[in-house]
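So you can see what is in the structure, the chains are spelled out below.
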2 protein chains.
Amino acid sequence: VLAQDLGISRSTVEAAYTQLAAEGLLQRVHGSGSFLRPPRFQGAVATLPLRLPAQLSARGREVLRIGGCLDPLEPLPFAAGSPDLRDFPWPTWERLARRRAPDAAELARYQPPQGQLRLRELLAEHLGAARGVRARAEQVLVLTSSQQALHLLAHLLLDPGDCVWVEDPGYRGASAAMAAAGARLQPVPVDAEGLQPRPGLPAPKLILLTPAHQYPLGVRLSPARRAEVLALAQAHGSWVMEDDYDSEFFDAAQALPALQSQDADGRVIYLGTFSKTLMPSLRLAYAVLPPALVEAAVASRSLHDGHGNGWFQALVADFMEGGHYASHLRQMRAQVGERRQALLEGLARHLPWAQPVAPQACGLQVCVALPSGQEVDLSRQAARLGVQTPSLAALCALAPLEGWLLGFAALRPEEIGAALRRLGGIQPRGQAREIAKSRPTTLRANR
Amino acid sequence: VLAQDLGISRSTVEAAYTQLAAEGLLQRVHGSGSFLRPPRFQGAVATLPLRLPAQLSARGREVLRIGGCLDPLEPLPFAAGSPDLRDFPWPTWERLARRRAPDAAELARYQPPQGQLRLRELLAEHLGAARGVRARAEQVLVLTSSQQALHLLAHLLLDPGDCVWVEDPGYRGASAAMAAAGARLQPVPVDAEGLQPRPGLPAPKLILLTPAHQYPLGVRLSPARRAEVLALAQAHGSWVMEDDYDSEFFDAAQALPALQSQDADGRVIYLGTFSKTLMPSLRLAYAVLPPALVEAAVASRSLHDGHGNGWFQALVADFMEGGHYASHLRQMRAQVGERRQALLEGLARHLPWAQPVAPQACGLQVCVALPSGQEVDLSRQAARLGVQTPSLAALCALAPLEGWLLGFAALRPEEIGAALRRLGGIQPRGQAREIAKSRPTTLRANR
């Protein structure tokens, strides 16, 4: 009857009924007919009360106080920390994905908590060649992010109240992870040679460092300071966490090997991420652990969130194995270098009152110092012109440094130029222009 | 010269040199020649010492004691917990992926820590219709896994030493996450009506439940016990965590709405996962939070690991929005039903000494009770026949129940039959066959 009514073939109707029955929507009773099956629930959505009937734990209240550490900024100039995803080699990526399609079911299964072995082997090899890291696959732990590495290891290594030295200014995500683990943060000032330990600081259980490219100032931990930090760690029995977040973008001439390569007794933990070298939303990062830490860290990973995504681990391994990763990094290095040049030239021309702190450094962002007392006002003016200028003062624990952390790597030279021309209309108050120019180094002058 | 030597065109050589220069491997000096650039590091891989120079924290040592909670089993019969990934609608999935390819760069960016809004909206709608969950998108937190939800919320809600009621037997990943947060675990026995609270138990800060399909026994929390648990939680000011891990595979007739639908004052936290309804390695799960918990949980997520994978969030949202998810679940329900039937028939025929504990239940695994004192021996014999028989005793904290937790959902009926025929060769010792048959219910007899 239905076939006649609709003017379609009987076999089409039969196929439709068969499908509906297979999906459990129809029940077909032989000799009796087809019957609709009832829906599962009538989702009665009501509002739940907003008061909290039970308590957060003390650490829960602390998390609420710390707050989230990541606001995904719109990729406007000059949001920091992202590569240019428009220029990612998508055709290569998609070709590799198509080649992997037959393995989709296999890669969709539960995965090893430590990460796929092939990816760990490729990472160990790459990090040895690119960063001088002494790693074997057994020491590599694949995680979702540096943030996960920091959070997981903080809980594994720190008792509540333990002292952690953090760079000041420093990366908020890292200190927030330490604080969430109950650590007592000891800000340690950074000068042109990097972290500057002073006598009289409380003994650290852990020292958190960005040796290659201090976040946010951009300076490099000098060879003398590297030795000093390692000696201090040895004297105090401290862990050292090396967050090597963007050194893959450095020219060979600029890069020192990772601090981990100088570690004599297995106290340096090396952290790196694919968020910047490939893409942020991949959720793939890695820690190279002292061998004695591996078992506890893998157990902790399994308790934290089981394991990582199998598909992207395989795809990234293919990308590395085919030489695409090394090639992509080389091209990114050249591209980021050009863009940094465009930023520095534009700053000199349009914003002479904004002084680059470490103009010789590489990486994905440049820190500029601003005339004293004017960061808030200048940022407000920039925002009105549609330009984001992430605040340096917000990253300081002790004396606030006034400045901006300008992320330029996701912007083409012409986009950088256009944004700086717009900012060029801003004028700092008073004699600030002359003051800024007369400073010996803006970094010291501000402290 | 090179073009002549190789018998190729000059423009090919020129293109190769240009590429090598762009990648930073060659330096071309006009009028002087092309020069190799030095490699970055000669990865000097050496072995690091195995002793631990610094200490783990107290909770780090506890994690080491607890150990990892996930061993990715080979998908042999009868490894528990996985759907049949061979039958996943890969062509649909790949079609949706191709349609999304133009958005790859956009989806590769930093993501909101709470999860993509569209996915949260679709989840709220689906969970209302399918499970009676009262959820709005603002209450949904997208995470990587139920394990992450358990771990994150345990730390947010529990102070060290707080009492948590866990089902006994129960899911080890859940109790391990609670223990890692410093909780004192109070095992509460499970009978045919589910969790069986007894007078005199210490007041819980949190009650951990699998109401729809108790893991591992497979019983359903009865309406009377649901009311009892909620009243107890209210009396003690406790949180209730409802781990609804496989109820999407239940027939309408079998499923009660989620316990969360009966929550009068916002103390029930609902957890679900795509690991079983789609695939384990996706790393997408979700919590529906009481509104008052959202801010702290999102901050904690951002501290734990930032955010989730953007590509798969969008793809799953597309899959849901196109109706493919509902359709896939209906087909899986029918398929899992057939397979359970095959398992129960095969058990009756080949293993009359193995008694299904809750044969009427649905879900992805069936628990069978074994003759007393023989689990270890019978499992060893099964292993020799190449059949995995996950241990029930291993999931017990109080009196050990001897049995197997047989995951059948990833196996076709003929594979189930073949594995059971192989197991049929095993004979329990002594009169066990008669004993097992004479029990009123194996569940009570074993306690």
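Residues numbered from 1 in each chain as written. Chains lettered and ligands numbered in written order. Predicted model: local features only at pLDDT ≥ 70, side-chain atom pairs only at ≥ 80, totals over all residues. Heavy atoms only, no water.

K.L.:
Now, about the overall build of chain A: what can you tell me, with residues and values included?
P.N.:
Broken down by element type, chain A carries 17 helices and 13 strands. Burial analysis of chain A (447 residues in total) assigns 60% to the buried set. Within chain A, contacts between residues separated by at least 24 positions form 75% of all contacts whose residues are at least 6 apart in sequence. When the accessible surface of chain A is summed, it comes to about 17300 Å², and 54% of that surface belongs to carbon and sulfur atoms. (Helix = DSSP H or I, 4+ residues; strand = E, 2+ residues; numbered from the N terminus. Buried < 20%, exposed > 50% of the residue type's maximum accessible area, 1.4 Å probe, protein only. Contact = heavy atoms within 4.5 Å. Areas by Shrake-Rupley, 256 points an atom, 1.4 Å probe, with all protein chains shown as cover.)

K.L.:
An account of the relation of the copies chain A and chain B is needed here, citing residue identities and associated values.
P.N.:
Its rotation angle being 180 degrees, the transformation that places chain A on chain B also includes 0.0 Å of axial translation and leaves an RMSD of 0.1 Å. In symmetry terms, the pair is related by a two-fold rotation axis. Take the interface residues of chain A: 99% of them recur as interface residues in chain B, which is what a same-surface contact looks like. (Least-squares fit on C-alpha atoms with pLDDT ≥ 70 in both.)

K.L.:
Can you explain unusual backbone geometry? Please cite residues and give values.
P.N.:
Along the chain, A:Asp168 connects to A:Pro169 via a cis peptide bond; the corresponding omega equals 0 degrees. Looking at where A:Pro169 falls in the secondary structure, it is placed in the loop between β4 (163-168) and α8 (172-180). Residue B:Pro216 is reached from B:Tyr215 by a cis peptide bond, and omega for that bond is 10 degrees. For B:Pro216, the location among the structural elements is in the loop between β7 (206-209) and α9 (223-236). With phi around 65 degrees, A:Arg283 is a residue other than glycine that occupies positive phi space.

K.L.:
Kindly report on the packing of aromatic side chains, identifying the contributing residues and their values.
P.N.:
Inspection of the entire model under this criterion finds 21 aromatic pairs over all chains. Judged by centre distance (5.3 Å) and plane angle (85 degrees), the rings of A:Tyr171 and A:Tyr215 are edge-to-face. With A:Tyr171 in the loop between β4 and α8 and A:Tyr215 in the loop between β7 (206-209) and α9 (223-236), this residue pair connects regions lying 44 residues apart in the sequence. For the pair B:Phe88 and B:Trp90, a centre-to-centre distance of 4.7 Å together with 55 degrees between the ring planes defines the contact as tilted. Side by side, B:Phe88 and B:Trp90 carry an identical accessibility label, which is buried. An aromatic cluster of three or more residues is present, and its members are A:Phe88, A:Trp90, A:Trp93, A:Phe312, A:Phe319, B:Phe88, B:Trp90, B:Trp93, B:Phe312 and B:Phe319. (Phe/Tyr/Trp six-rings, centres within 6.5 Å; stacked < 30°, edge-to-face > 60°.)

K.L.:
Explain the pattern of salt bridges residue by residue, including any values.
P.N.:
Scanning the entire structure with this criterion turns up 40 salt bridges over all chains. The shortest N-O distance in the salt bridge between A:Arg65 and A:Glu62 comes to 2.8 Å. Within this pair, A:Arg65 and its partner A:Glu62 are both found in helix α3 (residues 58-66), separated by three residues, close to a single helical turn. For A:Glu62, a relative accessible area of 26% corresponds to the partly exposed category. A salt bridge links B:Arg412 to B:Asp87, with the shortest nitrogen-to-oxygen separation between them at 3.1 Å. With B:Arg412 in the loop between β13 (403-407) and α15 (413-423) and B:Asp87 in the loop between α3 (58-66) and α4 (90-100), this residue pair connects regions lying 325 residues apart in the sequence. Among the residues examined, B:Asp87 registers a relative accessible area of 32% and is labelled partly exposed. When salt bridges with common partners are traced through the structure, they connect A:Asp84, A:Arg86, A:Asp87, A:Arg339, A:Arg412 and A:Glu415 into a single cluster. (Salt bridge = Lys/Arg side-chain N within 4 Å of Asp/Glu carboxyl O.)

K.L.:
Now, about the nonpolar core: what can you tell me, with residues and values included?
P.N.:
Of all hydrophobic cores here, the largest spans 74 residues; its most connected members are A:Trp93, A:Phe274, B:Trp93 and B:Phe274. Sequence-distant contacts of A:Phe274, that is, excluding residues within four places in its chain, are made with A:Leu123, A:Met279, A:Leu282, A:Leu284, A:Ala285, A:Tyr286, A:Val316, A:Met320 and A:Tyr325. (Core = buried A, V, L, I, M, F, W, Y, C linked by side-chain atoms within 4.5 Å.)

K.L.:
Break down the environment of A:Leu230 for me, with residues and values.
P.N.:
Residues and elements named next belong to chain A. Structurally, the position occupied by leucine 230 is in helix α9. Owing to a relative accessible area of 13%, leucine 230 belongs among the buried residues under this scheme. Excluding its chain neighbours within four sequence positions, the residues that come into contact with leucine 230 are Leu259, Gln262 and Val268.

K.L.:
Could you give me a rundown of the interface of chain A and chain B, with the residues and numbers involved?
P.N.:
In this complex, chain A contributes 124 residues to the contact, which on the side of chain B involves 123 residues. Summing both partners gives a buried area of about 9800 Å² for chain A against chain B, and 61% of it is carried by carbon and sulfur. At the boundary of chain A with chain B, the tally comes to zero salt bridges. Counting across the interface, chain A meets chain B through 37 residue pairs in polar contact (both at pLDDT 80 or more). When residues of the side of chain A that touches chain B are assigned to their parent elements, the largest contribution, eight residues, is made by helix α11 (residues 294-305) of chain A. The class makeup of the residues in the side of chain A that touches chain B is 64 nonpolar, 37 polar and 23 charged. (Buried area = accessible area lost by both parts, 1.4 Å probe. Polar contact = N/O pair within 3.5 Å; in protein donor to acceptor, adjacent residues only side chain to side chain. Nonpolar A, V, L, I, M, F, W, Y, C, P; charged D, E, K, R; others polar.)

K.L.:
Can you explain helix α12 (residues 310-321) of chain B? Please cite residues and give values.
P.N.:
All names here are of chain B. Counted at 1.5 Å a residue, the expected span for α12 with its twelve residues is 16 Å, and the 16 Å between its end C-alpha atoms agrees. When you tally the buried positions in α12, you get eleven out of twelve residues, the bulk of the element. Inspection of α12 places Gly310, Trp311, Phe312, Gln313, Ala314, Leu315, Val316, Ala317, Asp318, Phe319 and Met320 among the buried residues, and these make up the whole buried set. Its side-chain oxygen 2.9 Å from the backbone nitrogen of tryptophan 311, asparagine 309 forms the N-cap of α12. Positive backbone phi, at 85 degrees, marks glycine 323, one or two positions downstream of α12. (Expected span 1.5 Å × (residues − 1).)

K.L.:
Lay out the packing of helix α7 (residues 146-157) of chain A against α8(A) with the relevant residues and their values.
P.N.:
Residue and element names in this part refer to chain A. Close contact between α7 and α8 brings their axes to 8 Å; oriented N to C, the two are set at 30 degrees. One finds that α7 runs roughly parallel with respect to α8. Regarding α7 and α8, the two cross each other, and that crossing is right-handed. Here Gln147, Leu150, His151, Ala154 and His155 of α7 come into contact with α8, specifically with Gly173, Ala174, Ala177, Met178 and Ala180. Looking at the contact of α7 with α8 residue by residue, the classes come out as six nonpolar, four polar and no charged. (Axes fitted to C-alpha atoms, helices over the stretch in contact; angles between N-to-C directions. Parallel < 35°, antiparallel > 145°, perpendicular 65-115°, else oblique. Left-handed = near helix turned anticlockwise from the far one by under 90°.)

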